[in-house]
Amino acid sequence: MLSQDIIATVNGVPIEQKALAAAMQGLAQEQFHATLDEVPEKEHAGLRAMAVERLIARELIYQAALAAGVVASKDEVDAEKARIVRMAGNPNDFWIRLAERGMDELSFERMVRKDVTADLMSARYLEDLADPTPEEVETFFREHSEKLRQPDSVRRS
């Protein structure tokens, strides 16, 4: 692996460019309901920053999960893989798009295992948190209202 393929290192674990590309593609879909190619260039820096932040957070949660003995089972990973492929529509197109982004089936499985394990760890953590009071929600919204608003946008096709 070339050093330019690594965008960050988290406790010695590299995060690769292809993971960033996949994360940016997912964010483009999530934020703009479009492929990254369809998102205006001026939005790419923001998507990149958000994707890097998410990848680092996911790796930290994954490492904490492993340290706590939390690991996704084969059945949980298989179910999530099937759900992702099913949501993509045509399975053949899905695998072709994945290959175009430099990801093979084994890399995809590793990514899904990491995601499911991180989700399990997050769920375990959230079980112990009390629900916020209405006053806490109102205070948080008031203090962070600018960050919570999405700018108006129009999508054309």
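Remember, predicted model here, so these are calculated numbers, not experimental data. (Residues numbered from 1 in each chain as written. Predicted model: local features only at pLDDT ≥ 70, side-chain atom pairs only at ≥ 80, totals over all residues. Heavy atoms only, no water.)

(A) Highlighting the overall build of the chain. Along the chain, the regular secondary structure elements total six helices and two strands. Across the 157 residues of the chain, 25% fall into the buried class. Of the contacts formed within the chain by residues at least 6 apart in sequence, a portion of 61% connects residues at least 24 apart. (Helix = DSSP H or I, 4+ residues; strand = E, 2+ residues; numbered from the N terminus. Buried < 20%, exposed > 50% of the residue type's maximum accessible area, 1.4 Å probe, protein only. Contact = heavy atoms within 4.5 Å.)

(B) Structural context of helix H2 (residues 44–67). Taking 1.5 Å as the rise per residue, H2 with 24 residues should run 34 Å; its terminal C-alpha atoms sit 34 Å apart, in good agreement. Of all the positions in H2, only His44, Leu47, Ala51, Val52, Leu55, Arg58, Glu59, Tyr62, Gln63 and Ala65 are classed as buried. Buried residues along H2 sit in contact with strand E1 (6–10), strand E2 (13–16), helix H1 (17–32) and helix H5 (105–127). A positive phi of about 80° marks Gly69, the residue just after H2. (Expected span 1.5 Å × (residues − 1).)

(C) Representation of the pairing of E1 within the structure. Where E1 lies against E2, four bridges are found, and the strand directions are antiparallel. Directly across from Thr9, in E2, lies its bridge partner Pro14. Hairpin connection, E1 to E2: the antiparallel pair is bridged by two residues, and Asn11 has positive phi, about 50°. (Pairing = 2+ DSSP bridges.)

(D) Structural view of the pattern of salt bridges. Overall, the coordinates contain nine salt bridges when judged by the stated rule. Measuring nitrogen to oxygen at the nearest pair gives 2.4 Å for the salt bridge that ties Glu59 to Lys114. Of this pair, Glu59 sits in helix H2 while Lys114 is found in helix H5, placing the two residues 55 residues apart along the sequence. The exposure class of Glu59 is buried, given its relative accessible area of 4%. Between Glu109 and Lys81 there is a salt bridge, with its nearest N and O atoms 3.1 Å apart. With Glu109 in helix H5 and Lys81 in helix H3 (residues 74–87), this residue pair connects regions lying 28 residues apart in the sequence. Among the residues examined, Glu109 registers a relative accessible area of 24% and is labelled partly exposed. Its relative accessible area of 14% is what places Lys81 among the buried residues. (Salt bridge = Lys/Arg side-chain N within 4 Å of Asp/Glu carboxyl O.)

(E) Spotlight on helix H6 (residues 134–148). Relative to the 21 Å expected for 15 residues at 1.5 Å per residue, H6 spans just 17 Å between its end C-alpha atoms, considerably shorter than the ideal helical length. When the local axis directions of H6 are compared, the greatest deviation, roughly 55°, occurs at Arg142. (Bend = angle between axes of the 7 residues up to and from the residue.)

(F) Examining the packing of aromatic side chains more closely. Across all of its chains, the model carries three aromatic pairs by this definition. For the ring pair Trp95 and Phe108, a centre distance of 5.4 Å and an interplane angle of 90° mean the geometry is edge-to-face. Taken together, the residues span a long stretch of sequence, with Trp95 in helix H4 (residues 91–100) and Phe108 in helix H5 at a distance of 13 residues. With relative accessibility at 28%, the residue Trp95 sits in the partly exposed group. Cluster of aromatic residues (ring-pair linked, three or more members): Phe94, Trp95 and Phe108. (Phe/Tyr/Trp six-rings, centres within 6.5 Å; stacked < 30°, edge-to-face > 60°.)

(G) Broad picture of the packing of H1 against H2. At a minimum axis separation of 9 Å, H1 and H2 run at an interaxial angle of 115°. As for the relative orientation of H1 and H2, their crossing is right-handed in sense. Contacts from Ala19, Leu20, Ala23, Met24, Leu27, Ala28, Glu30, Gln31 and Phe32 in H1 reach His44, Leu47, Arg48, Met50, Ala51, Val52, Arg54 and Leu55 in H2. For the contact of H1 with H2, a count of residues per class yields twelve nonpolar, two polar and three charged. (Axes fitted to C-alpha atoms, helices over the stretch in contact; angles between N-to-C directions. Left-handed = near helix turned anticlockwise from the far one by under 90°. Nonpolar A, V, L, I, M, F, W, Y, C, P; charged D, E, K, R; others polar.)

On their own, these measurements won't tell you what the molecule is for.
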